[in-house]
Amino acid sequence: MYLNKKVSDMIIIIAIISYLLGSLPFGYIVGKIFFKTDIRKLGSGNVGATNALRNFGRRAGFLTFLFDFLKGTIACIIGKKLGADLGQAVSLFFVVIGHMYSIFLHFKSGKGVATSFGAILAIDFKLALMLLVIFIAIVLVFRIVSLASIITAIIAAILVLFNYRYAYLSLAVSLIAMLVVYKHKDNIKRLKLGEEKKIF
């Protein structure tokens, strides 16, 4: 689809804002401020909420999740305001890319689950709640966050494609879902071996 220069420039601005917002590594920030520790040197080395929970406790895990979640929500609100549906899809994609490949951490960071959820919540509240219920159900049954993340990401791509057909959002969510699964490649290996850590 052809985009005029004004729209193209706005989309670029949305992408940059969303990427920089997504790049803010809150798990790393929480670890440094409150525990004087680089979370990347602990556990899985991931800066996400699960690793923060395991190494710093529930409060740190919750704070990390909350701020990572809000990144996605804020980015999509900005994207919608500046660029309508296309802007919102672009913001969803780039805020999660920023979280996964943070410019502030040498392009390494989290796995994008909390940020993706925050973004989807800003776009489609009912869909986000459905995905949350699915995620929680899997965690409660299997007690494995990575498994819940992988399955929920795949279901998210299917549901968005079913509800939105071939819209910009469907493409953005499908790409992010594939990246979420890819970012969990080490978890998938441990799941196959029965070595993946459980919570609770």
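Residues numbered from 1 in each chain as written. Predicted model: local features only at pLDDT ≥ 70, side-chain atom pairs only at ≥ 80, totals over all residues. Heavy atoms only, no water.

As annotated in an unreviewed UniProt entry, the protein is Glycerol-3-phosphate acyltransferase from Anaerococcus tetradius. Listed under Catalytic activity (unreviewed entry) in UniProt, the entry text for the protein is "an acyl phosphate + sn-glycerol 3-phosphate = a 1-acyl-sn-glycero-3-phosphate + phosphate". According to UniProt, the comment filed for the protein under the heading Pathway (unreviewed entry) is "Lipid metabolism; phospholipid metabolism." (UniProt positions renumbered as here; feature names shortened; annotations may be inferred.)

Draft legend 1. Broad picture of unusual backbone geometry. Here Arg143, not a glycine, exhibits a phi torsion of approximately 60 degrees, which is positive. Position of Arg143 relative to the elements: it lies in the loop between helix 6 (125-142) and helix 7 (145-164). In this structure, Arg165 takes a positive phi of about 55 degrees despite not being glycine. (Helix = DSSP H or I, 4+ residues; strand = E, 2+ residues; numbered from the N terminus.)

Draft legend 2. Region of the structure containing the side chain of Ser102. In this structure, Ser102 sits in the loop between helix 4 (58-100) and helix 5 (113-123). Since its relative accessible area comes to 0%, Ser102 is described here as buried. Polar contacts involving the side chain of Ser102 include one to the main-chain carbonyl oxygen of Ser23, which spans 2.6 Å. With residues up to four places along the chain from it excluded, the contact list for Ser102 reads Tyr19, Ser23, Pro25, Phe107, Lys108 and Ser109. (Buried < 20%, exposed > 50% of the residue type's maximum accessible area, 1.4 Å probe, protein only. Polar contact = N/O pair within 3.5 Å; in protein donor to acceptor, adjacent residues only side chain to side chain. Contact = heavy atoms within 4.5 Å.)

Draft legend 3. Up close: the packing of helix 3 (residues 49-56) against helix 4. Running from N to C, helix 3 and helix 4 cross one another at 165 degrees; their axes reach a closest spacing of 7 Å. One element, helix 3, and the other, helix 4, form an angle in the roughly antiparallel class. Along this stretch, helix 3 crosses helix 4, giving a crossing that reads as right-handed. Across from Ala49, Ala52, Leu53 and Phe56 in helix 3, the residues of helix 4 making contact are Arg58, Ala60, Gly61, Thr64 and Phe65. In terms of residue class, the contact of helix 3 with helix 4 is made up of 6 nonpolar, 2 polar and 1 charged. (Axes fitted to C-alpha atoms, helices over the stretch in contact; angles between N-to-C directions. Parallel < 35°, antiparallel > 145°, perpendicular 65-115°, else oblique. Left-handed = near helix turned anticlockwise from the far one by under 90°. Nonpolar A, V, L, I, M, F, W, Y, C, P; charged D, E, K, R; others polar.)

Draft legend 4. View of the nonpolar core. By size, the foremost hydrophobic cluster in this structure holds 28 residues, and its most contacted members are Leu92, Ile120, Leu127, Leu131, Val173 and Ile176. Where this core is concerned, the elements lending two or more residues are helix 1 (5-23), helix 4, helix 5, helix 6, helix 7 and helix 8 (168-183). No other element matches the 9 residues that helix 4 contributes to this core. In contact with Val173, not counting residues within four places along its chain, are Leu92, Ala156, Ala157 and Val160. Grouped together as the second largest cluster of nonpolar side chains are 7 residues, Val30, Ile39, Phe56 and Leu105 included. (Core = buried A, V, L, I, M, F, W, Y, C linked by side-chain atoms within 4.5 Å.)

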